Amino acid sequence: MKLRRLLLVVVLVTGFWYVTTHLPAGLNHLSLFGGRGSGSPLELTEAHAAPEYDAEEQNNIAVYKRVLPSVVNITSTSLVFNFFYGPVPQQGQGSGFILDKAGHILTNFHVVEGANRGVEVQLSNKHRYSAKVVGTDKTHDLALLQIDAPNLQPVTLADSSQLAVGQKVFAIGNPFGLAGTMTRGIISSIRQVRGAEGAPIEDAIQTDAAINPGNSGGPLLNSHGEVIGINTMIASNGAEQSSGIGFAIPINTAKAVLADLTRYGQVRRPSLGIVSYPIGPDLAEQMGLNADYGVLIQKVIPGGAADRAGLRGGNEQAYVGNTPIMLGGDLIIAIDGQQITDPQDISGVMDRHQAGDTITVTILRGRRQMNIKLILGEARGVNT
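Residue numbers restart at each chain and count upward from 1, following the sequence in its written direction. Where totals are concerned, whole chains, interfaces and linings use all residues; where local detail is concerned, this predicted model gives features only for residues with pLDDT of at least 70, and gives and counts side-chain atom pairs only at 80 or more. The basis for every side-chain value is the complete set of heavy atoms in the structure, and neither hydrogens nor water enter the calculation.

Participant: Now, about the overall build of the protein: what can you tell me, with residues and values included?
Facilitator: For the protein, the count of helices and strands is seven helices and 22 strands. Looking at the protein as a whole, 41% of its 384 residues qualify as buried. By definition in these notes, contact holds between two residues if any of their heavy atoms fall within 4.5 Å. The long-range share in the protein, meaning contacts at least 24 apart out of those at least 6 apart in sequence, stands at 60%. Here the accessible surface of atoms and residues is derived via Shrake-Rupley with a 1.4 Å probe, and residues count as covered only by protein chains that are part of the display. For the protein, the exposed surface amounts to about 21400 Å²; the carbon and sulfur share of it is 52%. Strands here mean DSSP runs of E at least two residues long; helices mean DSSP runs of H or I at least four residues long; both are numbered from the N terminus. Exposure classes here rest on a 1.4 Å probe applied to the protein chains alone. A residue is buried below 20% of its type maximum, exposed above 50%, and partly exposed in between.

Participant: Lay out helix 4 (residues 251–264) with the relevant residues and their values.
Facilitator: To estimate the expected span of a helix, subtract one from its residue number and multiply by 1.5 Å. If you check helix 4, its first and last C-alpha atoms are 20 Å apart, about what 14 residues at 1.5 Å a residue would give, namely 20 Å. Two axes are fitted around each residue, one to the seven residues ending there and one to the seven starting there, and the angle between them is reported as the bend at that residue. Considering bend angle alone, the principal kink of helix 4 is centred on Val-257 and spans about 35°. When helix 4 is considered as a whole, its buried residues turn out to be Ile-251, Thr-253, Ala-254, Ala-256, Val-257, Leu-258, Asp-260 and Leu-261. Where helix 4 terminates, the next one or two residues include Gly-265, which has phi positive at roughly 80°.

Participant: Can you explain the sheet that holds strand 10 (residues 219–221)? Please cite residues and give values.
Facilitator: If you walk around this closed barrel you meet the six strands as 7-8-9-12-11-10, and the pairing is antiparallel. Each strand axis lies, on average, 45° off the axis of its neighbour in the sheet, ignoring direction. The sheet strands contacting helix 2 (residues 55–67) are strand 7 (168–173), strand 8 (181–194) and strand 10, and the helix crosses strand 7 at an angle near 40°. DSSP-based pairing: two strands are paired if at least 2 bridges between them are found. Here the axes come from fitting lines to C-alpha atoms, over the contacting stretch only for helices, and the angles between their N-to-C directions go from 0 to 180 degrees.

Participant: Just give me the short version of unusual backbone geometry, but keep the residues and values in it.
Facilitator: Here the phi dihedral of Lys-126 falls at roughly 80°; this positive angle occurs in a residue that is not glycine. Considering the arrangement of structural elements, one finds Lys-126 in the loop between strand 4 (119–122) and strand 5 (128–137). Accessibility expressed as a relative area gives 57% for Lys-126, which makes it exposed. Although it is not a glycine, Asp-336 sits at a positive phi angle of roughly 50°. By secondary structure assignment, the location of Asp-336 is in the loop between strand 18 (331–335) and strand 19 (338–339).

Participant: Which residues make up the environment of Asn-222, and what values do they have?
Facilitator: Here Asn-222 is to be found in the loop between strand 10 and strand 11 (227–234). Along the primary structure Asn-222 and Ala-171 are separated by 51 residues, whereas in three dimensions their C-alpha atoms are 9.1 Å apart. With near-sequence residues (within four places) excluded, Asn-222 lies in contact with Ala-158, Gln-167, Lys-168, Phe-170 and Ile-228. Looking at Asn-222, its side chain comes within polar contact range of the main-chain nitrogen of His-224, at 3.0 Å. As used in this structure description, the phrase polar contact means that two N or O atoms lie within 3.5 Å; if the pair is within protein, one of them must be able to donate a hydrogen and the other to accept it, and residues adjacent in sequence are counted only when both atoms belong to side chains.

Here you go:
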């Protein structure tokens, strides 16, 4: 009896071994007892060909491929001292873009500010180069760098004077160190804003394209891949990341200072050589002025452009609230035919000119309107 049981066990074990080692592969899904296995074969549905991109996608891809080789990652290194007065290197990152084959690169001033241990530029091909700071313009938050590298691909600069709200834009840069990132949006507004140093940025381009730390200095592009602005800051409400409100310096502002940066290493900002005060309708009525708006000349800087042209400052002190002002000076109402309502309007005009340029200033002297030719001087700490 025991022998029969032993033989039965041997037969069952031998049968199990034979079935599991000799069963055809196509039947492996069957159980030992003829039922179906616990799972069925996986069947995937795959596309027969690569998808076709629509016209908008094709343009996005074309802009990215065209501009990416011109966008660089910038690392600035500075040496600071910790609590124990030990030297500690600190690094900051930003973006920039190549202007010409000679290796000139435009970025933000705050990207390279304080970089006392050097600036390094990484191209899209991952090659790294030491960069020389050719010149800076703190007022406009711009810096011009230069590297020595072969086969550079410059960007194409557009005209930013004819931009429109609703226009499609792209931003390419290195947000949070993520090199070669492109985002897309529209121009949300064109307005004056205050930069990091408090100086006004005239006609700043507001966009909802995602801009984050690391995008600073990178290009804002139109749908043709041409640079219309330099991404510079975000309205983050303390979050230090994109909230859908970013700002770019218009490229025309950069064009106005690039010649000075390459020639002198600094901006020789033009100036009228005056101290001024904005006049609105209420104040103009109280003062009996023959205009509803303008910029009242408080003081003419001796030897400045306005002084040489014969413009006059005030000669009678008065108060607006607790603020002392000088009455009796010329009222500037236009420059080159453009209406002037406040000192920021004059700053916008200065951004389009260089020291030595001739402009036409329209003033009211008492009840008399006059057009005066004026050769712009160089700013030396005066208001406008």
